[in-house]
Amino acid sequence: MKISIITVVKNGLPLLKSAIKSIKNQKKIENVEHIIVCSPSTDGTEKYLNTLSNVKIVIDKDSTTRYGSINKGINIASGDIIGLLHADDIFYDELTLYKILQQFHDENDVIYGNVFFCDKENISKINREWISSDFKRKKLYFGWMPPHTSLFVRNNILKNNLYEESYPISGDYLFVLKLFQNNDIKIKFLNEYITIMRDGGDSTKLKNFIKKSNEDFEIVKKFFKFPYFVILMKVILKINQLKLLKKDLSNDYINKLKELK
């Protein structure tokens, strides 16, 4: 079984190097396709990508949001399973992709798990965790959402459920709702840490809070009869899920990624 990992990047150095190495360091799995979709950059990212081997590089001059760039990666992905790894994130450990692929032998269509959030400058310094839970479709009505960066989806399903570019911050929420509302899709929670995300994403920035809230509301109206209730519950649940956690993850795998400059 082959897995494709899509990374979207613009001006991603030097953190992109850790993401790439995180994929290359995966063990007990051989058939991994890494697709990097790069928007025009000014920090040398494109020049650096030209030095890489065994990575598919796509230069994206057309997409208006990151979700359009993700779609470009999805459309050329040849793996049976597709997942995302942001340019400033890493997988939790060297067996992450192996553990994920094992779940798809049971005919699951979508797998999701838990994520850590780390200090932007120190990936071993954990600040928060997002612990998810078993999937029940009715939880969507109460604002529940899995960590988007922990999702892995079968190729044929993902290509029939591409992202929409009309919501530049909350496009992942719309994507999850479309996918998880489909009764024909078999979804499973893997109670493992999947990704370590660096703090500072677009949706977490204060200046984007109002825009994100407006986008969330417009999305919720498409699916639910009582959107204000869903939005309120989404905020409450996220506060409960995103728990503060002070933890040091220093180990050989993490330390090798920290050394990259």
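Up top you'll find the structure we're talking about.
Notes on the structure follow. Computed from a predicted structure; not experimentally measured.

### Brief notes about the packing of helix 7 (residues 209-223) against helix 8 (residues 227-241)
Two numbers describe how helix 7 lies on helix 8: the axes approach to 9 Å, and their chain directions differ by 125°. By the criterion of interaxial angle, the relationship of helix 7 to helix 8 is oblique. The hand of the helix 7/helix 8 crossing is right-handed. On helix 8, the residues that touch K212, D216, F217, V220 and K221 of helix 7 are P227, Y228, V230, I231, K234 and K238. When grouped by side-chain class, the residues that make up the contact of helix 7 with helix 8 number 6 nonpolar, no polar and 5 charged.

### A closer look at helix 8
End to end, helix 8 covers 21 Å across 15 residues, agreeing with the expected 21 Å (1.5 Å per residue, within 8%). Three or more residues of helix 8 are buried, namely P227, V230, M233, K234 and Q241. Down the axis of helix 8, the buried set is contained in an arc of 120°. They therefore lie on one face. With respect to the buried face of helix 8, the exposed residues turned more than 90 degrees away are Y228, I239 and N240. On the buried face of helix 8, the contacting elements are strand 7 (122-130), helix 6 (171-180), helix 7 and strand 10 (242-248).

### Details of the environment of G83
If you trace the backbone, G83 turns up in strand 4 (residues 81-84). Residue class for G83 comes out buried when judged on its relative accessible area of 2%. In the structure, G83 is positioned 48 residues away from I131 in sequence and 19 Å away in space, judged by C-alpha atoms.

### Thoughts on the nonpolar core
Core analysis: the largest hydrophobic core is formed by 36 residues, its most contacted members being V110, Y112, L179 and F180. Every element with two or more residues in this core is listed here: strand 2 (32-38), helix 3 (66-76), strand 4, strand 6 (110-119), helix 5 (155-159), helix 6, strand 9 (187-198) and helix 7. Among the elements that take part in this core, helix 6 stands out by supplying 7 residues, more than any other. Setting aside its immediate chain neighbours within four residues, V110 contacts F104, L151, F152, V153, L179, F180, I185, K186, I187 and K188. In terms of nonpolar packing, the next biggest core, distinct from the first, is built from 27 residues, I81, F104, I111 and I123 among them.

### Some words on the packing of aromatic side chains
If you walk through the whole model with that rule in mind, you get 16 aromatic pairs. Measuring from ring centre to ring centre gives 5.4 Å for Y67 and Y163, while their planes differ by 15°; the resulting arrangement is stacked. Separated by 96 residues along the polypeptide, Y67 in helix 3 and Y163 in the loop between helix 5 and helix 6 bring together distant segments of the chain. Grouping residues by exposure puts Y67 and Y163 together as buried. Measuring from centroid to centroid gives 6.3 Å for F223 and F224, while their planes differ by 45°, and the two rings are tilted. Linked through ring pairs, Y112, F135, W144, F180 and F189 together constitute an aromatic cluster. One cation-aromatic arrangement involves R128 over F117; the distance from NZ or CZ to the ring centre is 4.2 Å.

### Some points on the side chain of T65
Mapped onto the elements of the fold, T65 is located in the loop between strand 3 (56-59) and helix 3. Setting aside residues up to four positions removed in sequence, T65 forms contacts with E165 and P168.

### Topic: the side chain of D93
Position of D93 relative to the elements: it lies in the loop between strand 5 (90-91) and helix 4 (96-103). Within polar-contact distance, the side chain of D93 engages the side chain of K99 at 3.4 Å.

### Description of the pattern of salt bridges
It is possible for side chains bearing opposite charge to pair when their charged atoms get close. If you walk through the whole model with that rule in mind, you get 13 salt bridges. A salt bridge links D199 to R128; its shortest N-O distance comes to 2.8 Å. You can see D199 sitting in the loop between strand 9 and helix 7 and its partner R128 sitting in strand 7, a full 71 residues away along the chain. Residue classification places D199 among the partly exposed positions, given a relative accessible area of 22%. One salt bridge in this structure joins E218 and K221, with 3.3 Å as the shortest N-O distance.

The rules behind each value
- Residues numbered from 1 in each chain as written.
- Predicted model: local features only at pLDDT ≥ 70, side-chain atom pairs only at ≥ 80, totals over all residues.
- Heavy atoms only, no water.
- Axes fitted to C-alpha atoms, helices over the stretch in contact; angles between N-to-C directions.
- Helix = DSSP H or I, 4+ residues; strand = E, 2+ residues; numbered from the N terminus.
- Parallel < 35°, antiparallel > 145°, perpendicular 65-115°, else oblique.
- Left-handed = near helix turned anticlockwise from the far one by under 90°.
- Contact = heavy atoms within 4.5 Å.
- Nonpolar A, V, L, I, M, F, W, Y, C, P; charged D, E, K, R; others polar.
- Expected span 1.5 Å × (residues − 1).
- Buried < 20%, exposed > 50% of the residue type's maximum accessible area, 1.4 Å probe, protein only.
- Arc of directions from axis to C-beta.
- Core = buried A, V, L, I, M, F, W, Y, C linked by side-chain atoms within 4.5 Å.
- Phe/Tyr/Trp six-rings, centres within 6.5 Å; stacked < 30°, edge-to-face > 60°.
- Lys NZ or Arg CZ within 6 Å of the ring centre and 35° of its normal.
- Polar contact = N/O pair within 3.5 Å; in protein donor to acceptor, adjacent residues only side chain to side chain.
- Salt bridge = Lys/Arg side-chain N within 4 Å of Asp/Glu carboxyl O.

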